[in-house]
Amino acid sequence: MTWQLTEDVEEFHRAAGDYLAADAARCTALLTVSETVRRHGPHAFGEAGPARFGWWREPGGGRVGAAFLQTPPQPPMLAPMAEPLARELAQVLRGAGVPLRGVKGGDGSAQAFAEEWTGGGGWTVALRLRLFRLGQLTPKRPAPPGAARQATADDLPLAAAWMKEFAADIGESSGADHTRNVARRVADGCLYLWESGGQPVSTAARSPLLAGQSRVSPVYTPPGLRGRGYAGAVTAAVSRSALDAGAEQVLLFTDLANPTSNALYQRLGYRPLADYVDLAFT
């Protein structure tokens with residue numbers, strides 16, 4: 001087999017960096033997650049185990065044609081790849097004794113991986129996502145009352161609490177401490193708040209510029225403040241900050257089960273690019 005596995009993020013970037021950058025939009029998650037590990041260490045996303053990486057190279061030392069990464073206990077993320085390569089990767093990870101609870105990726109490759117891992121049928125769809133790319137940014141006019149500003153260290157307690165609430169809203173563990181994650185975003189100048197009446201009412205963040213792309217995530221407004229246009233306003237502000245930083249592509253994922261957010265982002269100028277799925281092994 002021609003899959004190579006490593007826990008060394010620098011080795012991964014040397015081997016697969018050009019492959020990821022060549023399709024930076026569809027590889028946005030792998031680019032940003034691996035860069036976070038690169039900057040903050042193998043346990044940047046938790047202490048369940050070091051991050052794991054892999055790439056597939058054509059026989060005879062040819063070009064890299066597929067890649068994945070995993071930050072335990074999260075499932076592996078698959079870059080775009082042919083279904084036979086996804087099946088082969090499942091075999092390689094099983095042979096390496098890697099415990100998995102699911103897989104994330106494009107519909108076809110993720111399903112092929114799941115079928116190989118489970119023997120067929122032993123999985124369910126946990127989440128369907130759509131990747132959007134910004135065309136012409138079109139903020140709503142007039143904007144809601146208030147203005148956007150970059151978050152500072154003083155905002156950490158509130159922002160971390162909101163991140164925890166956001167995680168609960170999307171079905172992730174609500175027990176995690178998000179302070180370290182939020183602190184990194186603040187330090188990078190990539191976390192924004194919308195303030196109205198002198199009080200923060202909504203937040204949005206983006207990833208640092210990498211391979212010409214920046215991805216907006218998360219966007220959160222507390223339940224009692226929704227429906228007033230704050231989410232759209234802060235998303236437009238953070239999208240503008242990405243463009244001002246030199247982003248050639250500004251991206252975001254949406255939950256296909258949430259028609260409100262899907263419609264909102266399209267009104268701001270985001271256009272569908274690709275569909276993804278999170279599968280849970282049963």
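Above this note sits the structure.
Asker: Could you clarify how one ought to interpret the pattern of salt bridges in this entry?
Answerer: Pairing between side chains of opposite charge can happen when the charged atoms of each approach one another. The tally for this structure, following the rule as stated, stands at 13 salt bridges. As a salt-bridge pair, arginine 130 and aspartate 275 come within 2.7 Å of each other at their nearest N and O atoms. Of this pair, arginine 130 sits in strand S6 (residues 123-134) while aspartate 275 sits in strand S12 (residues 270-281); the two residues are 145 residues apart in sequence, bridging distant segments of the chain. Using a relative accessible area of 26% as the deciding quantity, one classes arginine 130 as partly exposed. One salt-bridge network, in which partners are shared between bridges, spans Glu10, Glu35 and Arg38.

Asker: It is not clear to me how the side chain of serine 109 should be interpreted in this structure. Could you clarify?
Answerer: Mapped onto the elements of the fold, serine 109 is located in helix H4 (residues 107-118). Ignoring any residue separated from it by four or fewer positions in sequence, one finds serine 109 in contact with Leu78, Met81, Glu83 and Ala86.

Asker: Please explain the side chain of histidine 178 as it appears in this structure.
Answerer: Topologically, histidine 178 is positioned in the loop between helix H5 (156-169) and helix H6 (179-187). The class of histidine 178 is buried, set by a relative accessible area of 14%.

Asker: How should I be thinking about the nonpolar core in this particular structure?
Answerer: Soluble globular proteins tend to pack their nonpolar side chains together in the buried interior. Core analysis: the biggest nonpolar cluster contains 24 residues, and Trp3, Leu78, Leu93, Val103, Phe113 and Phe281 have the highest contact counts within it. For this core, the elements supplying multiple residues, two or more each, are strand S3 (64-70), helix H3 (83-95), H4 and S12. Residue contacts for phenylalanine 281: discarding those within four places in its chain leaves Leu100, Arg101, Gly102, Val103, Phe113, Ala114, Trp117, Thr118, Gly122 and Trp123.

Asker: What's the story with empty space enclosed by the protein in this structure? I'm lost.
Answerer: To find leftover empty space, one rolls a probe the size of a water molecule over the atoms. Scanning all chains against the criterion turns up one cavity of 30 Å³ or more. If you add up the space inside the largest cavity, you get close to 60 Å³. Lining the largest cavity are Ala159, Trp162, Met163, Phe166, Val182, Leu191, Thr203, Pro218 and Tyr220. For the lining of the largest cavity, the secondary-structure elements that each account for two or more residues are H5 and strand S10 (213-220). The element best represented in the lining of the largest cavity is H5, accounting for four residues. Class assignment of the residues belonging to the lining of the largest cavity gives a composition of eight nonpolar, one polar and no charged.

Asker: Even after reading the chapter, I still don't get helix H7 (residues 230-244), so can you show me in this structure?
Answerer: One turn of an α-helix holds 3.6 residues; hence residues three or four places apart share an orientation. Between its first and last C-alpha atoms H7 spans 21 Å; for 15 residues at 1.5 Å apiece the expected length is 21 Å, and the two agree. For H7, the buried fraction is high: eleven of the 15 residues fall into the buried class. Of all the residues in H7, the buried ones are Tyr230, Gly232, Ala233, Val234, Thr235, Ala236, Ala237, Val238, Ser239, Ser241 and Ala242. Within two residues after H7, glycine 246 carries a phi angle of roughly 105 degrees, on the positive side.

Asker: Where do I start with H3 in this structure?
Answerer: Spanning 13 residues, H3 covers 19 Å between terminal C-alpha atoms, matching the ideal 18 Å at 1.5 Å per step. The complete set of buried residues in H3 reads Leu85, Ala86, Glu88, Leu89, Ala90, Val92 and Leu93. One or two residues past the end of H3 sits glycine 97, with phi positive at roughly 75 degrees.

Calculation notes
- Here the residue numbering is sequential within each chain, running from 1 through the sequence in written order.
- A pLDDT threshold of at least 70 governs which residues receive local features in this predicted model, and a stricter bar of 80 or more applies before side-chain atom pairs are shown or counted, although totals over entire chains, interfaces and linings include all residues.
- Calculation of side-chain values draws on the structure's entire complement of heavy atoms; hydrogens and water are dropped beforehand.
- Just to be clear on terms, a salt bridge is a Lys or Arg side-chain nitrogen sitting within 4 Å of an Asp or Glu carboxyl oxygen.
- We count a stretch as a helix when DSSP gives it H or I for four or more residues in a row; a strand needs E for two or more, and each element gets its number in order from the N terminus.
- Burial classes follow relative accessibility: with a 1.4 Å probe on protein chains only, a residue under 20% of its type's maximum area counts as buried, one over 50% as exposed, and anything between as partly exposed.
- Only heavy atoms enter the contact rule, under which two residues are in contact if any of them lie within 4.5 Å.
- Here, nonpolar core refers to any group of buried Ala, Val, Leu, Ile, Met, Phe, Trp, Tyr and Cys residues whose side-chain atoms link them within 4.5 Å.
- Buried and open spaces are told apart on a 1 Å grid over the protein atoms alone, a cavity being a set of points where a 1.4 Å probe fits but cannot get out and a pocket being an open set with protein on both sides within 12 Å along at least five of seven lines. Residues with an atom within 4 Å of a point are the lining residues.
- Grid points are joined across faces, edges and corners, and a volume is the space filled by probe spheres set on the points.
- Any residue outside Ala, Val, Leu, Ile, Met, Phe, Trp, Tyr, Cys, Pro, Asp, Glu, Lys and Arg is labelled polar, Gly included; the first ten of those are nonpolar and the last four are charged.
- Any helix carries an expected span of 1.5 Å times its number of residues minus one.

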